[in-house]
Amino acid sequence: MDRRSLIKRAGIAGVLAAGVAPAVHAQAAVRWRIATSFPKSLETLHGCAVKFSETVKALSGGKFEVSVHAAGELVPAFGIVDALADDSLEMGETASYYYTGKHPAFAFGCAVPFGFTAQQMQAWKRHGNGRKLMDELYDKYNFFGLSALSTGTQMGGWYRKEMKTPADFKGLKMRLGGGVFGESMAKLGVVAQNMPVGEVYQALEKGTLDAVEFVGPYDDEKLGFNKVAKYYYYGGWWEGSAELEFFINKKAFAKLSPENQAIVRAAADVAYADGTSKYMHLNPISLKRLVGSGTQLKRFPKPVVEAGFKAAQAVYQEHSGKDALFKKIYEDMRAFQRDQILWNRISELAFTQDMSTLKI
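Residues numbered from 1 in each chain as written. Predicted model: local features only at pLDDT ≥ 70, side-chain atom pairs only at ≥ 80, totals over all residues. Heavy atoms only, no water.

**Some points on the pattern of salt bridges**
Where charged atoms from two side chains of opposite charge approach closely, those side chains can pair.
Piece 1. For the structure on display, the rule yields 17 salt bridges.
Piece 2. Notably, a salt bridge pairs D139 with K250, separated by 2.2 Å at the nearest N-O pair. Placement of the pair is D139 in the loop between α6 (130–138) and β4 (143–150) and K250 in helix α10 (residues 250–254), with a sequence separation of 111 residues.
Piece 3. Its relative accessible area of 35% is what places K250 among the partly exposed residues.
Piece 4. Residues joined in a network through salt bridges with shared partners are K125, R131, E243 and E245. (Salt bridge = Lys/Arg side-chain N within 4 Å of Asp/Glu carboxyl O. Helix = DSSP H or I, 4+ residues; strand = E, 2+ residues; numbered from the N terminus. Buried < 20%, exposed > 50% of the residue type's maximum accessible area, 1.4 Å probe, protein only.)

**Examining the pairing of strand β2 (residues 64–69)**
Piece 1. Across 6 bridges, strand β1 (residues 30–36) lies against β2 in parallel orientation. When the sheet's bridge partners are listed, W32 is paired in β2 with V66. (Pairing = 2+ DSSP bridges.)

**Concerning the packing of aromatic side chains**
Piece 1. With the rule as written, the count across this model stands at 31 aromatic pairs.
Piece 2. Between W32 and F64, the aromatic rings sit 5.5 Å apart at their centres with planes inclined by 85 degrees, giving edge-to-face as the arrangement. Residue W32 is located in strand β1, and its partner F64 is located in strand β2; the two are separated by 32 residues in the primary sequence.
Piece 3. For W32, a relative accessible area of 5% gives the class buried.
Piece 4. Here Y316 and Y330 contribute two aromatic rings whose centre-to-centre distance is 4.4 Å and whose plane-to-plane angle is 20 degrees, an arrangement assigned as stacked. With Y316 in helix α12 (residues 302–322) and Y330 in helix α13 (residues 324–346), this pair connects stretches of sequence that are 14 residues apart.
Piece 5. Grouping aromatic residues by their ring pairs yields a cluster made of F38, F78, Y97, Y98, Y99, F106, Y138, Y141, F143 and F247. (Phe/Tyr/Trp six-rings, centres within 6.5 Å; stacked < 30°, edge-to-face > 60°.)

**What to know about the state of the cysteines**
Piece 1. As enumerated under the stated definition, the model contains 0 disulfides in all.
Piece 2. The thiol of C48 is not disulfide-bonded; the next cysteine sulfur, from C110, is found 12 Å away. (Disulfide = S-S within 2.5 Å.)

**Section: the sheet that holds strand β9 (residues 231–234)**
The strands making up a sheet associate through backbone hydrogen bonding, with each pair oriented either parallel or antiparallel.
Piece 1. Read across the open sheet, the 6 strands follow the order β7-β6-β8-β5-β9-β11; overall the sheet is mixed. Edge positions in the sheet fall to β7 (191–193) and β11 (296–299), since each of these pairs with one other strand and no more.
Piece 2. Sheet analysis places β9 next to β11, joined by 4 bridges and oriented parallel. Its bridge partner lying in β11, Y231 is registered against Q296.

**Describing the environment of G178**
Piece 1. Of note, G178 is situated in the loop between β6 (173–175) and α7 (180–187).
Piece 2. The class for G178 is buried, based on a relative accessible area of 12%.
Piece 3. Once residues lying within four places of it in the same chain are set aside, the contact partners of G178 are Y97, T100 and N194. (Contact = heavy atoms within 4.5 Å.)

**Some thoughts on the nonpolar core**
Piece 1. Counting 104 residues, the largest nonpolar core has W32, F52, F108, Y159, F169, M185 and F246 as the members making the most contacts within it.
Piece 2. It is helix α11 (residues 258–292) that contributes the most residues to this core, 7 residues altogether.
Piece 3. Beyond its immediate chain neighbours, meaning those up to four positions away, F52 contacts V66, M91, F246, V264, A267, A268 and A271. (Core = buried A, V, L, I, M, F, W, Y, C linked by side-chain atoms within 4.5 Å.)

**Here's the deal with the packing of α6 against α13**
Each pair of packed helices can be summarised by the angle the axes make with each other and by the distance between the axes.
Piece 1. Between α6 and α13, the least distance of the axes is 10 Å, while the angle of their chain directions is 165 degrees. In this view, α6 runs roughly antiparallel relative to α13, as classed from their interaxial angle. When you trace α6 past α13, the crossing you get is left-handed. Contacts between α6 and α13 involve L133, M134, E136 and L137 on the former and, on the latter, L325, K328, I329 and D332.
Piece 2. Partitioning the contact of α6 with α13 into residue classes produces 5 nonpolar, no polar and 3 charged. (Axes fitted to C-alpha atoms, helices over the stretch in contact; angles between N-to-C directions. Parallel < 35°, antiparallel > 145°, perpendicular 65-115°, else oblique. Left-handed = near helix turned anticlockwise from the far one by under 90°. Nonpolar A, V, L, I, M, F, W, Y, C, P; charged D, E, K, R; others polar.)

**Here's the deal with the pairing of β1**
Piece 1. Counted residue by residue, β1 has 5 buried out of 7 residues, so it is predominantly covered.
Piece 2. The β-α-β motif built from β1, the intervening helix α3 (residues 45–59) and the parallel element β2 has right-handed crossover chirality. (Right-handed = clockwise from strand over helix to strand, strands pointing away.)

**Focus: the sheet that holds β2**
Piece 1. Pairing is mixed across the open sheet formed by 5 strands, whose spatial order is β2-β1-β3-β10-β4. Every interior strand has two partners, whereas the edge strands, β2 and β4, have only one. With strand direction ignored, the average angle separating the axes of adjacent strands in the sheet is 25 degrees.
Piece 2. Here 3 bridges tie β1 to strand β3 (residues 91–94), and the two strands are oriented parallel to one another. Among the inter-strand pairings, I34 is bridged to a residue of β3, identified as M91.
Piece 3. Here helix α5 (residues 118–127) sits on the sheet and contacts β4 and β10 (243–249); the angle it forms with β10, its principal contact strand, is near 30 degrees.

And the structure:
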């Protein structure tokens, strides 16, 4: 009698009694490591990798485990791509724009000035050309990407002084993400500092930083930025959303069984849904608490936004003129975005504007 007939006739109890376990139980145990770019204290960003690990273990019945390591435990916060490239790490969870020093197009995987919202980014990556284009770049470094979490639209950062005009940015020492955003801010006169988030509070406190942008109210409150900077701006034009990704070593993934490969992809989806919705839940609660404790909430004046747009457009054109892959991704993103903006005008924008005027 063949294996399939035996399973069909005996049922699972009989199969186990006969010592003929299903294929999933016959697989050898798998142990991976995931390094994140964040401290353990940020259960949103670092916690996304924890959720992934828990889901992999649950779906595999404990046969596939992924140990989670915070920034600095296995590799430095910004060392994940190098570790994947030399096959010393199975996967990482990070923001692609931390690696624009390797190639400027890395920024498109996470966030660029005047780019996508969270939903638009997912539509581009899953149903447009986004994931294919980003993996064309990532392939050069021996990994591919899966969406891990979106922060949603981010805040405009914390400042020691009011930012009334574009001129107020000149000479400002500011911690910010790299790539197109950093270069755009440099055109406004900002002295950009791309440092791990764990070092920012002390730098602000000592005055070696004048401002910081990170994520949003929940993470920012937890990091204590409100204690060392008074003004909190919104209208963060540089990150309509910021998407973290799981970077997965291609050789390690190829060694997995088809079942475990499917588990990796499914666990990434679970982590994305959990982390993205967690931000939607936590940010408004923290924002109310921050304002109640004395934080001055302000919106960037329109001239500041217009100056930022002009600076960003100049950076896009400069890189497009020098690098074919950057130009290819940028033009595809913009083409996809135009349709998204058109649809948004008559869908969510109209709805949210109406809702904001109603008492519920």
